[in-house]
Structures are given as C-alpha cells and as structure tokens.
Amino acid sequence: MAHQTPLGSSASHVSCLDLWREKNDQLVRQAKVAQDSSLPMRRQQLAQDALEGLRGLLCSLRGLPATVSVLPLELTVICNFITLRANLAQGFTEDLAQDIQQGLERVLETQGQLEARLEHGLWGLWDSTLRVSSLLPELLPALHHLAGLQAALWLTTNRLGDLTLLLQTLTVSQSRASEDMLVLLKTWRPPAEESDAPLTLQDARGLRDVLLTAFAYRQGLQELITGSLPKALSSLHEAASGLCPRSLLVQVYTALGTCLRKMGSPQRALLYLVAALKEGSTWGPPLLEASRLYQQLGNIAAEIESLELLVEALSITRIPEARQLLIEVELLLPQPDPASPLHCGTQSQAKYLLASRCLQTGRAADAAEHYLDLLALLLDGSEPKFSPPPCPPGPCVPELFLEAAAALIQAGRAQDALTVCEELLSRTSFLLPKRPRLWEDARRRTKESPHCSHWVSATHLLQGQAWVQLGAQKEAISEYSRCLELLFRATPKDKEQGPQGLLPAVSRGVRQIWHYNSFRQLPSLVVDWNGWPLARIPKLYRTSFSVCRCAQTLRRLDRRDEATALWRRLEAQTELPQENTAWSLPLYLETCLGWIRPPDRETLCEEFQTSGDL
C-alpha cells in the first residue's frame, strides 16, 4: 500500500485512462455481440446492459476536471451512449441533446471559456466549440462524430436552419457560401479516426452517409408532395444511390415510380415499381402505386389485380427484421403521413379501394362481394374504426353502407340491398328529430343531424330502387315518398354547404333521381302527395313538384304535346351534370345516376308522349 501511486499522479491518471478506454471497448464489443444475436430477448438484454455500462462510464469521466488528454475518450463514450440510446428508444429525446451540450461545455472548460455556454442557444455553443477546435486537433475526430449526432437530432426535429449553419461551419474551407443541404453533406469530410482510437459503434463518416440518404429521401418526398417533380426526381435518385437499406429502397423506388407517372413516363415508372417489388417483402406501397398507374393507363384489369394483391399483402403479418444497433436511415425519417402517396393504409382501406373501383368500373358482382366483406369486418368488431382510405375523399361508415347497397342493386341482389339498408336505418334513424319543429334546433346544435337526414333519405331512395327491381311498385312508391319527406324537412334554409359541399350535392342528386324515377309511378306518387300544400314544400322543390302535377293533369286531358313540353321543362331544371362540371356526387348517388343516364332519358320522354290514358 505504501508503494501505490497517488490518485492525482500522472501514472495513476494514465492507468485510469487505460482502464476507462478498455471498458469502453468492451461495452462496444458487447453491443456488437447483441446486434448479431438471433434471440430477441438476449439481444435486448445485452444491449440494455451495454447502455447502462456506458452511462456509468460517462459518469466516472465527468467526475474529473475536463482535460484535453481525456476528452477524446469522453466524447467517444458520449457518442456511443447516444447512438445506442437512440437506437433502443427508436428516436432522439431531449435528454440526448443535454448529453451533447455537456460534452461541448467540457471542451470549452479546457480553454477557460465557460461564459460561452448557452448565451446564443445550442448553436452558439457549437460555434464557440468549433472555433477553439483548431487549437485542439486531437479532438477533431470525436467532435465531428458528435456533430453528426447533433445533425441527426436537428434533422428529426426539423431545425434545418441550425443544421445548415452547423454543416457550413464543418465545411468552412469548401462550401461556406452554400445553403444546399445535399451539397453541404456531400462536401463534409469528417477526419479519419486514428488506428489506436477508442472503439465506436458507428464512425462519423458512416453517420454522414446515413444523414445524406435520409435528407435526400425526406426532401424528395416533400418535393413530390408539393409537385416539384424534376427536383423530386433528382433528390430521390440521390437517395437511391446512397446508403439505402432494402426496406427503404422499396419506398424510394416507389416514390420514383410515382414521380415518373406524374411526369408522364408510365413505362419508366413501371420499371421502378417492378424493382421495388423485387427488393423486399414490403409490397404495399408499390402495389398501390401500380394500381394508380394502371388506372391512368386505362388498364382496368391490371388495376383491379393490383388492388387484389394489395389487400392480400396487407393481410400478411410480417415479422420485422432485427435492426442494427446504429443510427440508421429509418430512424431519421418522420412518421408515415396518411397524405403521403406512399401510405397504403390498412387492409380494410385497401379493401374499400378495391370495392369502390369495382363499382366505378362496372364490376358490380365483385364490388358487392367486397363491400359485404368490408361490412362484415365492421359489424363483427374486427375493424372498429373505419378511416378514409389514403386517396381522398374517403367515405364515412354510413356512406359505406350506402355504397354497398348501390353495388348490390347494381349486381341484381335487391333483397340483400334491402337488408343492408335496414341495418343502416337501425343505426341512424334514431338520430333524427321526431317533430318537425325540432329540425332547426337540431341543425343549430350539431352538424351531424343534417348529414344524418340525407343519409337516411338516400337509404330510402335505394330501398325504393331495390323494390322496383323486385317488382313491388307500392313499396317503391312508399320509400320514394319517405325520401322526399326527409329532404323537404332537412333542406337548410340558409346556404350552409356542409363538409365538401355534401348537402347540396346529395340533395341535388336525390332530386334528379326522384324526378326520373317518379315518372313511371307518376299518377300514384302525385296522388300520394296531393295532400301536401305547396307552402310546406321548400322553394327548392315547388316548381318541380308543380310541374309534375301539371304534366300529369295534361296527360289525363289527352294534351300529350303540352305535357311532353312541360316534362322537358322539368328535365331542363334538373339536367344531369356534365363530365367537366366542378361539383361531384358521393359514389352511391353517382351509381344511382348511372341507372338513369341516356338513352333512358329519351326513352322516358317517348314513353311519356306515347303511353295511354292512366
């Protein structure tokens, strides 16, 4: 004991430094063993133990006054600790910024510049540290490594201004004037580590490559969303050529396909989508984009097949690949945005896209089956919350029921359509006010009641059409009458449009369909409504309803030419929308209108003119 070297002596200092360095290297090796483990629990435990060991080692180093001889090791331990902590947490947290701050303060402490701590924020601390680093060349590799972690933190928190200033300072001799982040990242050349330097989990140059790929992809995706297609193409090519793991390469290739499709190069787009499908097992995004591409090309069969494969792909539960214990590109990317063209949604959302496209393209039988599958998921609780698909506008649950009913009618399955409508009415009718005077109060209290009334009225409209298909004319008239009664009560007196103009669109669509359908049952329907005084019918409907009554009377008087002219006048008031009109109808009403488009319109007029007395 008498021969031991005092703790404060130079020999003791060197001995402790060697021990600390060996401890760092041992913990890094342990983390790499954990990384290679095929057992998830053992991997997690080894990594967590290594993290706690690095935390304890860092506390020991910080317990001594800061010295230039120890700082390279201390900064390296900080870098290893932040790398492992961020990886295990799958993201950067505020306390990691504090670890970076303390490391910079320790550097300034060796130069007696503690007053420069946080007078100008964290960036001011970096500026002061990098200025004095020219006097401390032995610290440069570790400082550049720490700067890479700071860049990763600022990138994930969108502090791009501070990040640009940091990179400009790191590359001061090459590109001080540049503000292009990609140029700055390419220009940045972190100093090579010495062969006898402490071990690191990830060196500064590898971290720089990760930052370059992550920023190129983030920027390319943002440019794609905002419509800057040539710039997006360039940025995405940069990402694809960088340090890009296979899982991310699928996303990059899909984004390139989207970009080229929008630029009018479908064949080149298809090549990238095929490459994306070959790269890995994440098939959702490229399959969704392939369906859009085939839709643009008018290849309906290939579009539907792509959507079917998408539904199948999203039904498969995949075991995620074990991540490396490093700062990887995916760690620096934002959470998936539902508005992103690469967001393929859930299986139910893909199922809805498939069902709606089948309905829109005339595949009614397939559409009906897909809608029934989707409704089954909703009703048994497997899909408690149906959210809109990634391509807006998406339907709410009542509209999903209405689309299903329209598809069933289109497929000739009227009885099934009635069952779906009854289910919807059981879920919505109780929301309607029971007395007419309560409608206005309900409309003021909530925005839901007006929408509910139009959903219910559209349900009765579809029920009427289903009964027509079944040959039950009396029941059909009854449902049409209920539809009109709800519309008369619920039509707002003001100009309230509702979300995306839903109310006028639904109202106009229902009126158009009623005008055409009502002709075949005109006598009974007019008699049914003759007891309604015009004062109770909103101005929106009075002219049309009066014309219907007048036309029916003229036909009874055998004044067919005048009756036909009057009918055409009614027809002109409710002319169907042209293809280039700005407003649009919900899909279920658009499907209804498809049943009465020309030549049926002319047929109705001829029938009106030539039919016998009623």
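Residues numbered from 1 in each chain as written. Predicted model: local features only at pLDDT ≥ 70, side-chain atom pairs only at ≥ 80, totals over all residues. Heavy atoms only, no water.

(A) Quick look at the overall build of the protein. When helices and strands are counted, the protein shows 28 helices and zero strands. Looking at the protein residue by residue over its 614 residues, the buried ones come to 51%. Accessible area for the protein stands at about 29,100 Å²; split by element, carbon and sulfur atoms hold 53% of it. (Helix = DSSP H or I, 4+ residues; strand = E, 2+ residues; numbered from the N terminus. Buried < 20%, exposed > 50% of the residue type's maximum accessible area, 1.4 Å probe, protein only. Areas by Shrake-Rupley, 256 points an atom, 1.4 Å probe, with all protein chains shown as cover.)

(B) Inspection of the packing of helix α5 (residues 121-132) against helix α6 (residues 140-156) at higher detail. At a closest axis distance of 13 Å, the pairing of α5 and α6 adopts a crossing angle of 160 degrees. As judged from the angle between their axes, α5 and α6 are roughly antiparallel. The handedness of the crossing between α5 and α6 is left-handed. Across the interface between the two elements, L122, W123, W126 and T129 of α5 pack against L143, L146, A147, Q150 and W154 of α6. Among the residues making up the contact of α5 with α6, the classes are represented as seven nonpolar, two polar and no charged. (Axes fitted to C-alpha atoms, helices over the stretch in contact; angles between N-to-C directions. Parallel < 35°, antiparallel > 145°, perpendicular 65-115°, else oblique. Left-handed = near helix turned anticlockwise from the far one by under 90°. Contact = heavy atoms within 4.5 Å. Nonpolar A, V, L, I, M, F, W, Y, C, P; charged D, E, K, R; others polar.)

(C) Just the packing of aromatic side chains, in detail. Counted by the stated rule, this structure contains two aromatic pairs. Arranged with centres 6.3 Å apart and planes meeting at 70 degrees, the rings of Y352 and Y371 form a pair that is edge-to-face. Taken together, the positions of Y352 in helix α16 (residues 347-360) and Y371 in helix α17 (residues 364-379) put the pair 19 residues apart, joining distant regions of the chain. Here Y371 falls in the buried class, since its relative accessible area comes to 1%. (Phe/Tyr/Trp six-rings, centres within 6.5 Å; stacked < 30°, edge-to-face > 60°.)

(D) Quick peek at unusual backbone geometry. Look at Q90: it is not a glycine, yet its phi comes out positive at around 55 degrees. Mapped onto the secondary structure, Q90 falls in the loop between α3 (71-89) and α4 (94-110). In this structure Q90 comes out as partly exposed when scored by relative accessible area, which is 40%. Positioned with a positive phi, N158 is a non-glycine residue whose angle comes to about 60 degrees. What makes N158 exposed here is its relative accessible area of 54%.

(E) Up close: the environment of L57. Assignment of secondary structure puts L57 in helix α2 (residues 40-62). Each C-alpha atom of the pair L57 and I78 lies 9.6 Å from the other, and the pair is 21 residues apart in sequence.

(F) Here's a closer look at the pattern of salt bridges. Tallying each qualifying case throughout the model produces 19 salt bridges. A salt bridge links D127 to R131, with the shortest nitrogen-to-oxygen separation between them at 3.1 Å. Taken together, the positions of D127 and R131, both in helix α5 and four residues apart, correspond to about one turn of that helix. We classify R131 as exposed; its relative accessible area is 60%. Residue D209 is joined to R208 by a salt bridge in which the shortest nitrogen-to-oxygen separation is 2.9 Å. Residue classification places R208 among the buried positions, given a relative accessible area of 12%. Because the salt bridges share partners, they merge into one network encompassing R261, E289 and R292. (Salt bridge = Lys/Arg side-chain N within 4 Å of Asp/Glu carboxyl O.)

(G) Expanded view of a nonpolar patch on the surface. Residues L277, W283 and I316 make up a contiguous nonpolar surface patch of roughly 240 Å² in combined accessible area. Along the chain, the position of L277 falls in helix α13 (residues 266-279). (Patch = residues over 30% accessible without salt bridge, like charges linked within 9 Å, V, L, I, M, F, W, Y side chains within 5 Å.)

(H) Seen up close, helix α7 (residues 160-170). Counting buried positions along α7 yields eight of 11 residues, so the element is predominantly enclosed. When α7 is considered as a whole, its buried residues turn out to be D162, L163, T164, L166, L167, Q168, T169 and L170.

(I) Just the packing of helix α18 (residues 397-410) against helix α27 (residues 587-594), in detail. α27 packs onto α18 with a crossing angle of 25 degrees between their chain directions and a minimal axis gap of 8 Å. Accordingly, the angle class assigned to the pair α18 and α27 is roughly parallel. Crossing of α18 over α27 shows left-handed handedness. Across the interface between the two elements, E399, L402, E403, A406 and Q410 from α18 touch L587, Y588 and T591 from α27. Here the residues of the contact of α18 with α27 are counted per class, giving four nonpolar, two polar and two charged.

(J) Representation of the confidence of the model for the protein within the structure. For the protein, mean pLDDT is 78; residues scoring 70 or higher make up 71% of the total. Here helix α24 (residues 522-529) stands out as the least confident element of the protein, with mean pLDDT 41; helix α11 (residues 229-240) is the most confident, with 95. Confidence drops under a pLDDT of 50 for residues 492-503, and excluding neighbours within four residues, the segment shows 16 contacts in the predicted structure. (pLDDT = per-residue confidence, 0-100.)

(K) Geometry of the environment of R363. In this structure, R363 sits in the loop between α16 and α17. On the basis of relative accessible area, R363 is assigned to the partly exposed category, the value being 30%. Measuring from C-alpha to C-alpha, the distance between R363 and Q410 comes to 9.1 Å, with 47 residues separating the pair along the chain. Excluding residues within four positions of it along the chain, R363 makes contact with I300, A301, I304 and C358.

(L) Summary view of the nonpolar core. F92, W126, L146, L211, Y217 and L332 are the most contacted members of the largest nonpolar core, which has 100 residues in total. Those residues within four positions of Y217 in sequence are excluded, and the remaining contacts are L236, A239, L248, Q251, V252, L333 and L342. Of all hydrophobic cores here, the second largest spans 55 residues; its members include A350, A367, C421 and L585. (Core = buried A, V, L, I, M, F, W, Y, C linked by side-chain atoms within 4.5 Å.)

(M) Geometry of α2. The first and last C-alpha atoms of α2 sit 33 Å apart over 23 residues, in line with the 33 Å expected at 1.5 Å per residue. Those residues of α2 not exposed but buried are R43, L46, A47, A50, L51, G53, L54, L57, L58 and L61. (Expected span 1.5 Å × (residues − 1).)

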